[in-house]
Amino acid sequence: MARYSLFSFLVVHIFLLLGFSIADDPWVNYDFVVSYITASPLGVPQQVIAINGKFPGPTINVTTNNNVGVNVKNKLDEHLLIHWSGIQQRRSSWQDGVLGTNCPIPPKWNWTYQFQVKDQVGSFFYFPSLNFQRASGGFGSFIINNRAIISIPFDTPDGDITIAIGDWYTRNHSALRKTLDAGKDLGMPDGVLINGKGPYRYNDTLVPDGIDYETITVHPGQTYRIRVSNVGISTSLNFRIQNHNLLLAETEGSYTVQQNYTSLDIHVGQTYSFLVTMDQNASSDYYMVASARFVNETTWQRVIGVAILHYTNSKGKASGPLPDPPQDQFDKTFSMNQARSIRWNVSASGARPNPQGSFRYGSINVTEVYVLKNKPPVTINGRRRATLSGISFVNPSTPIRLADQYKVKGAYKLDFPTRPITGPPRMETSVINGTYRGFMEVILQNNETKVQTYHMSGYAFFVVGMDYGEWTENSRGTYNKWDGIARSTAQVYPGAWTAILISLDNVGVWNLRTENLDSWYLGQETYVRVFNPEPNNKTEFPMPSNALFCGALNKLQKPQDISFATSAKESKWGLLFSFMVMISALFSMFA
């Protein structure tokens, strides 16, 4: 009887664990085959990075708290990591897909990411984070829908449309990388893509014949949620749809105060979602435009993306001039004021039923302050490098989180300065020491001549202020302490600063970087290490069983038998099979 009771106890607990891991929060699984294909988005055949043969890659579409499994098969000729930009990876920086936390996936190998989109909603994107690969593609949209029990702060749209915009070169990422390694600038992009396609031929002189362009088909009178991500390299883009208002509703997981824009500046790495009602007559199609900002528009007139918004009852093609961009050549405050107007909807529910504004960030005491300053590239040890507070980051051969796990000494230094260094710039693996459950203020000071967009993994931070000039202690008097937007990327205008506040409640090692790929590649980044001295699964999940090893731990890595590589779906059912085998064995023991 006692043996039967023990058996019953074990079976019940096994099924409880099984139910917790699979039934309560469903799994959504994807298989990604990452490979090169030949495409001609700007009319010139070139090598691009595709996922499952498609460029851009497939949209990941999940719901709050879903478990996500993405089995990545690397068919490139170089190492690969996929980063899930804006996905917070709660308690699991192991899955973030950047070099500070993950060893890369070697060519011909596969690796399965497994993470939960815990307490998140909104619009994001993913991309390859190594070796400048995003400049050749490999990106796609990532949607997290609200659970049915949580209302959204607007009527359910009639449709959902994802749009990826970005500057583009006809040289592939390897050639662009060589240009940077040679100490040169990349120069003006060759164009702007919309969903991986070149511009509609709105002008016979500027746009050659034969370019494939994107067409978005809509029904008259209906309202669509249009999610737009700037997945490009380093160019801020203004997005607009001819004769249509853009009602801003959400950005990177936060619902916004809803307001109309005729156009919106979307900086590198940022994502917005708009509600757009198809309320125009259908005498013709309409232009959808993404054009470069803060550049000489005469010189850059070819660097423009044009797609077509097509009503199902349209009577003709789009024609005539494109809708005008903002006329602010002599007003540097226009774009900044537009950014300041984007505010948090404090009364709307996010991923949870309580209002977003119930987290009163403005009343929390700041525990640590970092002033991070970037300048134009400099030469360090004979190499052209970008810096953050005078330090150009060197990626460690052993990822920081892995080095901590195995107590590898000398992999990095926990000494990133709170203020820019005053001596000569240097190259180091210097990391910010974040205090678990602390509240960090970060001032991003841009002393460059172009817009920089900064991203932090693992968190949504609060954008509380921005202005031109040098930040001072008195600048805090201008902070928005009530409805500053919470997001994972923030632009910093040339000769200006942006202040953000971060609640350090997510244990792990988190990348803080510029999203401008050229500056990021040259070292303009660091990591924030948030450490809980009490190891337990409540604040951080254990190292995944499939973790890759490299650097000082390279000898721990076992060869991968490619013939036995499993998909994400197979992994889940393999777990179920393992449980059933265990139950069978226990039954034999106690029968």
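Check the entry above for the structure.
## Brief notes about the pairing of strand β1 (residues 27-39)
Residues in a regular strand project their side chains so that they alternate between the two faces of the sheet.
At step 1: Here β1 pairs with strand β4 (residues 67-74) via 8 bridges, running parallel. Across the sheet, Tyr30 pairs through a bridge with Val70, a residue of β4.
At step 2: Note that β1 and strand β2 (residues 46-51) share 6 bridges and pair antiparallel. Following the sheet pairing, Ser35 is matched in β2 by Ala50.
At step 3: Adjacent in sequence and paired antiparallel, β1 and β2 are bridged by 6 residues, among which Gly43 carries a positive phi angle near 90°.

## As for the state of the cysteines
At step 1: Inspection of every chain in the model, using the stated rule, returns 1 disulfide.
At step 2: Disulfide partner of Cys103: Cys550, at an S-S distance of 2.1 Å. Its S-S torsion of about -85° marks the bond between Cys103 and Cys550 as left-handed, since a negative value means left-handed. Placement of Cys103 in the loop between β5 (82-85) and β6 (110-116) and of Cys550 in the loop between β33 (525-531) and α6 (568-590) is noted, with a sequence separation of 447 residues between them.

## Considerations on the nonpolar core
At step 1: Core analysis: the biggest nonpolar cluster contains 79 residues, and Ile163, Ile226, Phe239, Phe274 and Leu309 have the highest contact counts within it.
At step 2: What Phe239 contacts, discounting residues up to four positions off in sequence, is Ile163, Val228, Leu246, Ser263, Leu264, Ile266, Phe274, Met288 and Val289.
At step 3: Val34, Trp94, Phe124 and Leu402 belong to the second largest nonpolar core, which has 35 residues in total.

## Quick look at helix α2 (residues 173-181)
At step 1: All buried positions along α2 are accounted for by His173, Leu176, Arg177, Thr179 and Leu180. Angularly, the buried residues of α2 cover 155° about the axis, an arc narrow enough to put them on a single face. Exposed residues lying more than 90 degrees from the buried face of α2 are Lys178 and Asp181.
At step 2: Buried residues belonging to α2 abut β1, β2 and α5 (517-521).

## What about the layout of surface pockets?
At step 1: Roughly 730 Å³ of internal volume is contained in the second largest pocket.
At step 2: Every residue lining the second largest pocket is counted, 31 residues in all, and those nearest its centre are Phe294, Val295, Thr449, Lys450 and Val451.
At step 3: Broken down by class, the residue content of the lining of the second largest pocket amounts to 13 nonpolar, 7 polar and 11 charged.

## Here's the deal with the sheet that holds strand β12 (residues 223-230)
At step 1: Pairing within the open sheet is mixed, and its 6 strands lie in the order β10-β9-β12-β17-β14-β15. A single partner strand is all that each edge strand has here, and the edge strands are β10 (191-194) and β15 (254-261). Averaged over all pairs of adjacent strands, the angle between strand axes in this sheet comes to 25°, irrespective of strand direction.
At step 2: In terms of strand pairing, β12 meets strand β17 (residues 271-277) through 7 bridges, oriented antiparallel. Bridge assignment links Val228 to a residue of β17, and that residue is Tyr272.

## Describing the sheet that holds strand β29 (residues 486-487)
At step 1: Pairing is mixed across the open sheet formed by 5 strands, whose spatial order is β20-β26-β31-β28-β29. Looking at the sheet topology across the chains shown, the edges are occupied by β20 (368-374) and β29.
At step 2: Pairing of β20 with strand β26 (residues 439-446) involves 7 bridges; the strand directions are parallel. Paired with Leu372 across the two strands is Leu444, which belongs to β26.
At step 3: Sitting on the sheet, helix α3 (residues 333-340) touches β28 (461-468) and β31 (496-503), and the angle it makes with β28 is about 155°.

## Quick look at the pattern of salt bridges
At step 1: Per the stated rule, a full pass over the model turns up 26 salt bridges.
At step 2: Between Arg177 and Glu78 there is a salt bridge, and its shortest N-O distance comes to 3.4 Å. Residue Arg177 is found in helix α2, and its partner Glu78 is found in the loop between β4 and β5; the two are separated by 99 residues along the sequence.
At step 3: With a relative accessible area of 16%, Arg177 lands in the buried category.
At step 4: As a salt-bridge pair, Arg513 and Glu515 come within 3.1 Å of each other at their nearest N and O atoms. Considered together, Arg513 and Glu515 belong to a single accessibility category, that of buried residues.
At step 5: Linked through salt bridges whose partners overlap, the residues forming this network are Arg419, Glu441, Glu473 and Arg476.

## Topic: α3
A turn of α-helix holds 3.6 residues, and therefore any two residues three or four places apart point the same way.
At step 1: Regarding α3, the residues found buried are Ser335, Met336, Gln338 and Ala339. Viewed along the axis of α3, the buried residues span an arc of 155°, placing them on a single side of the element.
At step 2: In this fold, the buried residues of α3 make contact with β15, β16 (263-266), β28, β30 (489-492) and β31.

## Things to note about the side chain of Asn102
At step 1: With respect to the helices and strands, the residue Asn102 is situated in the loop between β5 and β6.
At step 2: For Asn102, the side chain forms a polar contact with the side chain of Thr101, separated by 3.2 Å.
At step 3: Once you skip the residues sitting within four places of it in the chain, Asn102 turns out to touch Leu81, Ser93, Trp94, Gln95, Asp96, Gly97 and Pro399.

## Quick word on the pairing of strand β14 (residues 246-251)
At step 1: The buried fraction of β14 amounts to 5 of the 6 residues, a majority that puts the element mostly inside the structure.
At step 2: For β14 and β15, the ladder comprises 5 bridges, and the chain directions are antiparallel. The partner of Thr251 across the bridge, within β15, is Ser254.
At step 3: Joining the antiparallel neighbours β14 and β15 is a turn of 2 residues, in which Glu252 adopts a positive phi near 50°.
At step 4: With 3 bridges connecting them, β14 and β17 associate as antiparallel partners. Considered in β17, the bridge of Leu248 is made with Phe274.

Rules used throughout
- Residues numbered from 1 in each chain as written.
- Predicted model: local features only at pLDDT ≥ 70, side-chain atom pairs only at ≥ 80, totals over all residues.
- Heavy atoms only, no water.
- Pairing = 2+ DSSP bridges.
- Helix = DSSP H or I, 4+ residues; strand = E, 2+ residues; numbered from the N terminus.
- Disulfide = S-S within 2.5 Å.
- Core = buried A, V, L, I, M, F, W, Y, C linked by side-chain atoms within 4.5 Å.
- Buried < 20%, exposed > 50% of the residue type's maximum accessible area, 1.4 Å probe, protein only.
- Contact = heavy atoms within 4.5 Å.
- Arc of directions from axis to C-beta.
- 1 Å grid on protein atoms, 1.4 Å probe; cavity = no way out; pocket = protein on both sides within 12 Å on 5 of 7 lines; lining within 4 Å.
- Points joined across faces, edges and corners; volume = space filled by probe spheres on them.
- Nonpolar A, V, L, I, M, F, W, Y, C, P; charged D, E, K, R; others polar.
- Axes fitted to C-alpha atoms, helices over the stretch in contact; angles between N-to-C directions.
- Salt bridge = Lys/Arg side-chain N within 4 Å of Asp/Glu carboxyl O.
- Polar contact = N/O pair within 3.5 Å; in protein donor to acceptor, adjacent residues only side chain to side chain.

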